[in-house]
Amino acid sequence: MNDWMGDPGDVVIGSNHLTVVYGAEPALWNVSVSIPRRGITGVIGPNGAGKSTLIKAILGIVPKAAGECRVQDDNGTQLMGDAIGYVPQRSTVDWDFPTSVFDVVMMGTYGRLRWFQRPGKLQRQQTADALDFVGLSDLAGRQIGELSGGQQQRVFLARAFVQHPSVYLMDEPFAGVDAKTERNLFQILRRIADDGATIVMVHHDLMRVHDYFDNVVLLNRRLIDQGPTKTIFNSDNLESCYGVDAGFLTA
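Residues numbered from 1 in each chain as written. Predicted model: local features only at pLDDT ≥ 70, side-chain atom pairs only at ≥ 80, totals over all residues. Heavy atoms only, no water.

Chemist: What's the story with the overall build of the protein chain in this structure? I'm lost.
Modeler: Per the secondary structure count, the protein chain includes eight helices and nine strands. For 251 residues, the compact-globule estimate of 2.2 N^0.38 gives 18 Å, and the protein chain sits close to it at 18 Å. For the C-alpha atoms alone, the extent of the protein chain along its principal axes is close to 50 × 40 × 40 Å. In the protein chain, which comprises 251 residues, the proportion classed as buried is 50%. Sequence-distant contacts in the protein chain: of pairs separated by 6 or more residues, those separated by 24 or more amount to 67%. For the protein chain, the accessible surface area stands at approximately 12,000 Å², while carbon and sulfur atoms represent 48% of it. In the protein chain, 23 positive and 28 negative side-chain charges are present, and the distance between their average locations comes to 6 Å. (Helix = DSSP H or I, 4+ residues; strand = E, 2+ residues; numbered from the N terminus. Rg over C-alpha atoms; globule rule 2.2 N^0.38 Å. Buried < 20%, exposed > 50% of the residue type's maximum accessible area, 1.4 Å probe, protein only. Contact = heavy atoms within 4.5 Å. Areas by Shrake-Rupley, 256 points an atom, 1.4 Å probe, with all protein chains shown as cover. Lys, Arg positive; Asp, Glu negative; His and termini not counted. Charge placed at Lys NZ, Arg CZ, Asp CG, Glu CD.)

Pasting the structure below:
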């Protein structure tokens, strides 16, 4: 275990002096975060603040110019593969791809299959259970592009859930959905977190931060602050993060 991660019983995700550069422009600069185990943590900041980049750097999707990231279990062992569930932004997905809702969710079982092994009865049952968990059993045969935005988000949540990960990384899972769908999605996420999972979510609606998140990471290319929502989400930090007085949001 790296000392900068702290006690593995308390911290599940950490970055140490993380810097990511796109071209000549830094997307993240010297960012060190420690995300606590269990509960829901929001990654908050203005457009272009590096929120999605932080998630992708933790996953190893984007290269690091400096620093390191780590996801660890209770014993300090690094987590990889199916132990981490990823829900990407809807805008990055090809919704015209000719595949069914059931097949998309079953893709989440592939990481546990042996080389050249095809999904069987067990994987199909796990997929059916995941679809039932998110309330989409009746749409299992639909082409993914035929669904509403909220239904599509639930499909990708089910694909992550079928892996039974201990950590979920989500890149704006509520983007483009209506208020009722957002509430329904959040209820699912809270159930997952209450069962012991750690959820880290990029989010942009400041009005819902107190309602949704146990902890927050405030970013604007550099780390502004991090910790419990009730202490970190305050007017001084928001002004540092957004450059405007947003104190009314912290009341």
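Chemist: Explain the packing of aromatic side chains here, please?
Modeler: The description of an aromatic ring pair uses the distance of the two centres, along with the angle that the planes make with each other. Under the defined criterion, the tally for this structure stands at four aromatic pairs. For the pair Phe174 and Tyr212, a centre-to-centre distance of 5.5 Å together with 65° between the ring planes defines the contact as edge-to-face. You can see Phe174 sitting in the loop between strand 6 (167-171) and helix 5 (179-194) and its partner Tyr212 sitting in helix 6 (residues 209-212), a full 38 residues away along the chain. For the pair Phe174 and Tyr212, one class covers both residues: buried. Where Phe186 meets Tyr212, the ring centres are 4.3 Å apart and the plane angle is 25°; that geometry is what we call stacked. Of this pair, Phe186 sits in helix 5 while Tyr212 sits in helix 6, and the two are 26 residues apart along the sequence. (Phe/Tyr/Trp six-rings, centres within 6.5 Å; stacked < 30°, edge-to-face > 60°.)

Chemist: What is the right way to read helix 4 (residues 149-161) from this model?
Modeler: Working note: α-helix, 3.6 residues per turn, so residues spaced by three or four point in the same direction. Look at helix 4: 18 Å from first C-alpha to last across 13 residues, which is about the 18 Å you get at 1.5 Å a residue. Extensive coverage of helix 4 is indicated by the burial of 10 of its 13 residues. In this fold, the buried residues of helix 4 make contact with strand 5 (84-87), helix 2 (101-106), helix 3 (121-133), strand 6 and helix 5. (Expected span 1.5 Å × (residues − 1).)

Chemist: Before we go on, may I ask you to explain the packing of helix 4 against helix 5 in this structure?
Modeler: How two helices pack is summed up by the angle between their axes together with the distance between the axes. Relative to each other, helix 4 and helix 5 sit at 10°, their axes nearing to 10 Å. With respect to helix 5, the element helix 4 is oriented roughly parallel. From helix 4, Gly150, Gln153, Arg154, Leu157 and Phe161 reach across to helix 5, where they touch Thr181, Leu185, Ile188, Leu189 and Ile192. Taken together, the residues of the contact of helix 4 with helix 5 sort by class into six nonpolar, three polar and one charged. (Axes fitted to C-alpha atoms, helices over the stretch in contact; angles between N-to-C directions. Parallel < 35°, antiparallel > 145°, perpendicular 65-115°, else oblique. Nonpolar A, V, L, I, M, F, W, Y, C, P; charged D, E, K, R; others polar.)

Chemist: It is not clear to me how the sheet that holds strand 2 (residues 25-36) should be interpreted in this structure. Could you clarify?
Modeler: Note: strands within a sheet are paired through backbone hydrogen bonds, in either parallel or antiparallel orientation. Ordered in space as 2-1-4, the three strands form an open sheet in which the pairing is antiparallel. Looking at strand neighbours, the two that pair on one side only are strand 2 and strand 4 (66-71), the edges of this open sheet. On average, adjacent strands in this sheet sit at an angle of 15° to one another, irrespective of strand direction. In terms of strand pairing, strand 1 (residues 11-22) meets strand 2 through eight bridges, oriented antiparallel. Bridging across to strand 2, Val20 finds its partner in Leu28. Along the sheet face, helix 1 (residues 51-59) touches strand 1, strand 2 and strand 4 and points at about 110° away from the line of strand 1. (Pairing = 2+ DSSP bridges.)

Chemist: I tried to follow unusual backbone geometry on my own but got confused; where do I start?
Modeler: Keep in mind that most residues, glycine aside, have a negative phi and that most peptide bonds are trans. Unusually for a residue other than glycine, Arg38 sits at a positive phi of about 70°. Of note, Arg38 is situated in the loop between strand 2 and strand 3 (39-44). Under the relative-accessibility criterion, Arg38 is labelled partly exposed at 44%. Even without a glycine there, the phi angle at Arg221 is positive, about 70°. Take Arg221: it is sitting in the loop between strand 8 (215-220) and strand 9 (222-228). We classify Arg221 as partly exposed; its relative accessible area is 31%.

Chemist: Any chance you could explain the sheet that holds strand 5 here in plain terms?
Modeler: The sheet built from six strands is open, its strands ordered 5-6-7-3-8-9 with mixed pairing. Both edges of this open sheet fall to strand 5 and strand 9, since each of them pairs with a single strand only. Averaged over all pairs of adjacent strands, the angle between their axes in this sheet comes to 15°, without regard to strand direction. Bridge analysis of strand 8 against strand 9 gives six bridges, and the strand direction is antiparallel.

Chemist: Would you explain helix 1 in this entry?
Modeler: Within helix 1, seven of the nine residues are buried, which leaves it mostly tucked inside the rest of the structure. Turning to helix 1, its buried residues are Lys51, Ser52, Thr53, Leu54, Ile55, Ala57 and Ile58. Just downstream of helix 1, Gly60 is the residue with a positive phi angle, here 85°.

Chemist: I tried to follow the side chain of Thr19 on my own but got confused; where do I start?
Modeler: Secondary-structure assignment places Thr19 in strand 1. For Thr19, a relative accessible area of 8% puts it in the buried group. Excluding anything up to four places from it in sequence, Thr19 contacts Leu28, Trp29, Asn30, Lys64, Ala65 and Ala66.

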